[in-house]
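Descriptive structure summary
Take a look at the letters that make up each chain.
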Amino acid sequence: MDKLIIFGGKPLRGEVKVSGAKNSALPIMAASLLTEEDCLIKNVPHLSDVYTMAKILTALGKEVKFESDRLLIRHRRSQSFVAPYRLVRTMRASFCVLGPLLARRHKARVSLPGGCVIGLRPVDLHLKGLEALGAEVKISGGYCWAKAAELRGREIFLGGDFGSSVLATANIMMASTLAKGRTVIDFSACEPEIVDLAKVLKKMGAKIRGEGTPRIVVEGTKSLGGFEHKIISDRIEAGTFAVFALVSGGRIKLQGAEPAHLLAVFDALTKIGASIRIKDTEVSVSGRRVKPLNITTFPYPGFPTDLQAQFMVLLSLAKGISVITEKVYPDRFMHVAELNRMGAKIQRFGPLAVIEGIKRFSPAEVMASDLRASAALVAAGLNAAGKTVIHRVYHLYRGYENLQQKLEKLGAQIKREDE
Ligand code: EPZ
């Protein structure tokens, strides 16, 4: 296990290239299970989650080559249909192999992902959607077993207690491409990553419309071909670096961002008092004062839950009281205790966090708990004048490519050490 040591208190200045989107790469890698032809994905970030998905595809009979930012997936054999627990438990997103596996090989056995620190992570909507398409689904021994000689299109309402589901939409959209007839997914997720996945499926020959809206319509086809695709840039990484710029009192130019995917984030940053300059795919973020703000997280296009922890650090530096309401993962507050150990004044009331502004974070030894909470601790460490040590930093490397190098290039004093 590694730890990250940050000597904070200095403004970050310079340019950073935004990497490809983790949450686009993962379902698009899973889509390769719908065909036996070659699939080439470009702009893929080197992340442990991508490596995990590659291992799962290999266990399912694919050969995966990952050179530079290009990931080539070739078909080797189709016998296997089991996504093993030892891999799925390390990354919940693995569950999105279920739909394509079932549609192409007519049976699938995928370990249930289980919960994690940000919430229970149920999969009821995934299973509801597959059963609606005619699959026989049962849960046994911690695995989801699904089989279907043939899937048949249906109108499916996929909304849950917390609104739409990104990966359930991905699973059902992928499965329905090979179903017989028309599938309508009502209350589908509208995330840019779903639109990117639909683009790939259409390149493979699928007939899809309505992606990016809450109603996706898929006309099933007999088979799908391979694809070549450059994935979108990571809007959550872009938002995270915008927070790094502001908590350090510096200025960062994000290169290769997709401003259209960041409208809710820019809205919040502007209200907080940041200055944002946009030129095509370049976004410069800077700002001195931080004004308090109330933020509620929603499915896209609302404010993203994956930036909630990072914005909690930013709002901790506001002059006044802010409230964050977490509507997607009501328990996603593991970062609160650690931030309070760094001098923050945050109180949690169920899905709400009340944040009282402080002048500056104090350096401390802290423990990372999940991917985005770790990014929040890095942000607090960049603000604190002195030495902050973040333990269990492997969480960070699941979702941020070359984070240490990118921060060093911006002037951060940061190093990684073995525990
Ligand atoms: C995706 O997870 C992302 N992961 C998450 O990012 C992100 O936080 C989440 O969407 C919400 O935006 C990937 O894309 C790989 P959901 P997903 O299904 O699809 C409930 C990160 O940090 N729900 O949209 O698993 C669920 O409990 C990760 O990069 C059900 O009730 O999330 C949650 O409250 C963390 N039943 C809400 O829906 C279900 O069957 C949204 O979850 C499925 C979900």
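Note that the structure is a prediction, hence the values are computed from the model and not measured. (Residues numbered from 1 in each chain as written. Predicted model: local features only at pLDDT ≥ 70, side-chain atom pairs only at ≥ 80, totals over all residues. Heavy atoms only, no water.)

A few words now on the pairing of strand β23 (residues 386–391). Alignment of strand β1 (residues 2–8) against β23, held across six bridges, turns out to be antiparallel. Looking at β23, one finds that I5 is bridged to V389. As judged from the three bridges shared by strand β22 (residues 365–367) and β23, these two strands associate in the parallel manner. For V366, the partnering residue across the bridge sits in β23 and is I390. One crossover worth recording links β22 to the parallel β23 by way of helix α12 (residues 371–383), and it is right-handed. (Pairing = 2+ DSSP bridges. Helix = DSSP H or I, 4+ residues; strand = E, 2+ residues; numbered from the N terminus. Right-handed = clockwise from strand over helix to strand, strands pointing away.)

This paragraph deals with the nonpolar core. If you look at the biggest cluster of nonpolar residues, it comprises 72 residues, and the most contacted ones within it are F244, L254, F311, F361, V378 and L407. Among the elements that take part in this core, helix α8 (residues 235–247) stands out by supplying nine residues, more than any other. Leave out the neighbours within four places in its chain, and V378 touches L4, I6, F244, I390, L396, L403 and L407. Judged by nonpolar contacts, the second largest core, of 71 residues, contains A132, I172, A175 and I231. (Core = buried A, V, L, I, M, F, W, Y, C linked by side-chain atoms within 4.5 Å. Buried < 20%, exposed > 50% of the residue type's maximum accessible area, 1.4 Å probe, protein only. Contact = heavy atoms within 4.5 Å.)

What the domain assignment lists for the protein is domain 1 (2–19 + 233–418) and domain 2 (22–230). For domain 1 versus domain 2, the separation of C-alpha centres amounts to 30 Å. Listed as interface residues are 25 residues of domain 1 and, on the opposing side, 20 residues of domain 2. Around 1900 Å² of area is buried between domain 1 and domain 2 when both sides are counted, 52% of it from carbon and sulfur atoms. (Domains from an automatic or database assignment. Buried area = accessible area lost by both parts, 1.4 Å probe.)

Surveying the vicinity of the ligand reveals 22 residues, the closest of which are D124, L125, S165, D306 and V328. Note that an oxygen atom of the ligand is positioned 3.1 Å from one of the side-chain N or O atoms of N23. A distance of 3.4 Å separates an oxygen atom of the ligand from a polar backbone atom of P122. Compared with its free state, where it exposes 820 Å², the ligand has 90% of that area covered by protein. Those elements that place two or more of their residues in the shell around the ligand are α1 (22–31), α5 (124–132), α6 (166–176) and α12. Tallying contributions element by element places α5 first for the shell around the ligand, with three residues. Looking at which domains feed residues into the shell around the ligand, each of domain 1 (2–19 + 233–418) and domain 2 (22–230) supplies at least three. (Near = heavy atom within 4 Å. Polar contact = N/O pair within 3.5 Å; in protein donor to acceptor, adjacent residues only side chain to side chain. Areas by Shrake-Rupley, 256 points an atom, 1.4 Å probe, with all protein chains shown as cover.)

What follows is about the environment of D306. Relative to the elements of secondary structure, D306 occurs in the loop between β18 (295–297) and α10 (308–315). If we ignore the near neighbours within four places in the chain, the residues touching D306 are N23, I236, R332 and R372. Within the structure, the side chain of D306 is placed 2.7 Å from the side chain of R332, a separation counted as a polar contact.

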